[in-house]
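Now for the letters of each chain:
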Amino acid sequence: DFCLSRGLGDVYKRQGEGSGTGSGSSSTDAADSSSSTGENLSCECAPGTELVYVISDAGELWSYDPAASAFALVGPVACGGFRPFSMAIGRDGRALLLLLDDIPHAAIAKGLFSVDINDPSDCLAVPYTEGLFGVFGMSFVDNPPPSTCEQLFVHSYSGQGPFAEGEGIGMLGALDDDQALQVVGTTDFDGAELAGTSQGRLFSLAGTDPVKLVEYDRESAEAVESLDVVGVNKTSASAMAFYGGDFYLFTEAGAPECQPCMEKMCTNELAACEADPDCAPVYECLLASGGDGFPGCEGDIKGPGGPLRDCMIGQCSDACAASNVVSRVTHIDHDDSGGEGQAVSILPALAPMRIVGAASSTCVPVFVP
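Residues numbered from 1 in each chain as written. Predicted model: local features only at pLDDT ≥ 70, side-chain atom pairs only at ≥ 80, totals over all residues. Heavy atoms only, no water.

## Observations regarding the nonpolar core
Item 1. One finds Phe71, Leu213, Phe247, Phe250 and Ile355 to be the most contacted residues of the largest nonpolar core, which totals 29 residues.
Item 2. A per-element tally of this core places strand S16 (residues 238-243) first, with five residues. (Core = buried A, V, L, I, M, F, W, Y, C linked by side-chain atoms within 4.5 Å. Buried < 20%, exposed > 50% of the residue type's maximum accessible area, 1.4 Å probe, protein only. Helix = DSSP H or I, 4+ residues; strand = E, 2+ residues; numbered from the N terminus.)

Next up, the structure:
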């Protein structure tokens, strides 16, 4: 095992970059406090790493405090034109972001970048060897004693269509001390969100019908435990983070003003959809994507392009626009601290943005504070 924050500190040092600026300057000192050999020996928790962080489809970094169920804008990420795909937070106070080229519906890797969670204008490219991984979900996980440092794990995704489930179709990997992604083992999932803990445990949100919370053996990629997350649908934008023994899922909730507009302006089309059991999931997909889900939202009621979709785009395009889509937050009481089993509940407050990535460092509480 190795200390990944030490390895990334060496990357920053080789690039000749200093630590972050502003309120986050002290948080990145750990990445620069190197010995005479260039090694960073610190794995302490930087300021801000006690919270969950999310990134919006507009490239804005937000903090999320599960204890208060509150979001706070940190600022826009200054890494050029990009589409965020996944995120991990290190103990050094830096977020690793996998960014895609800014091409709609494309899964073309732009690269891996490091951003100060207290000053997201501080963006550094992180060189790495891709190996068999193109796009991936990722998370840091603490290494076992005597090391107090962490390791980055990644989960493969083919980039083609929605996440899928099937024997041996995915891979779990880890970043080694030469900054190369190495395969740990195969999994039964093509695509997954990852979350790691300070206890060295690694979890994924993966699968379909139903979505599953899976704990992996980090040495073999074998599934240790799997929990069906009943009542939660995987949307095109989704993310997961660990906090206080529990998990928080972020999935699309649609545009808040869309449904009222549809009820008023598309009354007949909506009634016809409600009478057709095959239309309900299509409508849910359209609401979540702002009408931009075609061809992902297939199976609409009969008619050229679907009357429901046509009315949404024609009469409620502003109210239902993808730019107005926000996310909902789902809480999984994984450690049963509420005494009602591993209950799954949707929190009442919506997020103020569409979340495409989420992460927490291994500095967050393991138990409910």
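More follows now that the structure is in view.
## A word on helix H2 (residues 258-265)
Item 1. Of the residues making up H2, those classed as buried are Cys258, Cys261 and Met262. Looking straight down H2, one finds that the buried residues subtend no more than 100 degrees of arc, so they occupy a single side.
Item 2. Residues of H2 that are buried sit in contact with helix H3 (267-274), helix H4 (280-289) and helix H5 (307-315). (Arc of directions from axis to C-beta. Contact = heavy atoms within 4.5 Å.)

## Things to note about empty space enclosed by the protein
A water-sized probe rolled over the atoms picks out the places where empty space is left.
Item 1. Taken as a whole and assessed by the stated rule, the structure comprises four cavities of 30 Å³ or more.
Item 2. The space that makes up the largest cavity amounts to roughly 60 Å³.
Item 3. Every residue lining the largest cavity is listed: Phe85, Ser86, Met87, Gly137, Met138, Glu193, Leu194, Ala239, Met240, Val356, Gly357 and Ala358.
Item 4. Within the residue set of the lining of the largest cavity, elements represented by two or more residues are strand S4 (83-89), strand S8 (135-142), strand S12 (192-196), S16 and strand S20 (355-360).
Item 5. Partitioning the lining of the largest cavity into residue classes produces eight nonpolar, three polar and one charged.
Item 6. Each pocket or cavity is described by its volume, and for the second largest cavity that value is around 40 Å³.
Item 7. Lining the second largest cavity are Phe203, Leu213, Val214, Glu215, Glu225, Ser226, Leu227, His334 and Gln342.
Item 8. Within the residue set of the lining of the second largest cavity, elements represented by two or more residues are strand S14 (211-216) and strand S15 (223-229).
Item 9. Of the residues in the lining of the second largest cavity, the class split is four nonpolar, three polar and two charged. (1 Å grid on protein atoms, 1.4 Å probe; cavity = no way out; pocket = protein on both sides within 12 Å on 5 of 7 lines; lining within 4 Å. Points joined across faces, edges and corners; volume = space filled by probe spheres on them. Nonpolar A, V, L, I, M, F, W, Y, C, P; charged D, E, K, R; others polar.)

## Digging into H5
Item 1. For H5, every residue scored as buried is listed here: Leu308, Arg309, Cys311 and Met312. The buried residues of H5 occupy an angular sector of 165 degrees when the element is viewed end-on, so they sit on one face.
Item 2. Those residues of H5 that are buried are in contact with H2, H3 and H4.

## Things to note about the packing of H3 against H5
Item 1. Relative orientation of the contacting elements H3 and H5 amounts to 145 degrees, with a least axis distance of 9 Å. Regarding H3 and H5, the two cross each other, and that crossing is left-handed. For the pair formed by H3 and H5, the contact residues are Glu269, Leu270 and Cys273 on the first element and Pro307, Leu308 and Cys311 on the second. (Axes fitted to C-alpha atoms, helices over the stretch in contact; angles between N-to-C directions. Left-handed = near helix turned anticlockwise from the far one by under 90°.)

## Description of the packing of aromatic side chains
Item 1. A complete count under the given rule lists nine aromatic pairs for this structure.
Item 2. Aromatic side chains Tyr64 and Tyr248 sit 6.1 Å apart centroid to centroid with 65 degrees between the ring planes, which places their arrangement in the edge-to-face category. Within this pair, whereas Tyr64 is found in strand S2 (residues 60-65), its partner Tyr248 is found in strand S17 (residues 246-254), the two being separated by 184 residues in sequence.
Item 3. Classification of Tyr64 by relative accessible area gives buried; the value is 0%.
Item 4. Seen from their ring centres, Phe85 and Tyr157 are 6.0 Å apart, and the 10 degrees between their planes marks the pair as stacked. Taken together, the residues Phe85 in strand S4 and Tyr157 in strand S9 (residues 150-157) connect sequence positions 72 residues apart. (Phe/Tyr/Trp six-rings, centres within 6.5 Å; stacked < 30°, edge-to-face > 60°.)

## What to know about the packing of H4 against H5
Item 1. Put simply, H4 and H5 touch, their axes get as near as 11 Å, and they point 20 degrees apart. Our classification of the angle between H4 and H5 gives roughly parallel. For the pair H4 and H5, the sense of crossing is right-handed. Along its contact with H4, which presents Tyr283, Leu286 and Leu287, the element H5 presents Leu308, Arg309 and Met312.
Item 2. Taken together, the residues of the contact of H4 with H5 break down into five nonpolar, no polar and one charged. (Parallel < 35°, antiparallel > 145°, perpendicular 65-115°, else oblique.)

## Describing the pattern of salt bridges
Item 1. Applying the stated criterion across every chain yields a total of six salt bridges.
Item 2. A salt bridge links Arg354 to Asp57; the shortest N-O distance between them is 3.3 Å. Here Arg354, found in the loop between strand S19 (344-346) and S20, pairs with Asp57, found in the loop between strand S1 (52-56) and S2; they are 297 residues apart in sequence, far enough to count as distant.
Item 3. On the basis of relative accessibility, which here comes to 34%, the residue Asp57 falls in the partly exposed class.
Item 4. One salt bridge in this structure joins Arg201 and Glu215, with 2.9 Å as the shortest N-O distance. Here Glu215 lies in strand S14 and Arg201 lies in the loop between S12 and strand S13 (202-206), a separation of 14 residues in the sequence.
Item 5. Using a relative accessible area of 30% as the deciding quantity, one classes Arg201 as partly exposed.
Item 6. On the basis of relative accessibility, which here comes to 11%, the residue Glu215 falls in the buried class.
Item 7. When salt bridges that share partners are traced, they join Asp57, Glu252 and Arg354 into one network. (Salt bridge = Lys/Arg side-chain N within 4 Å of Asp/Glu carboxyl O.)

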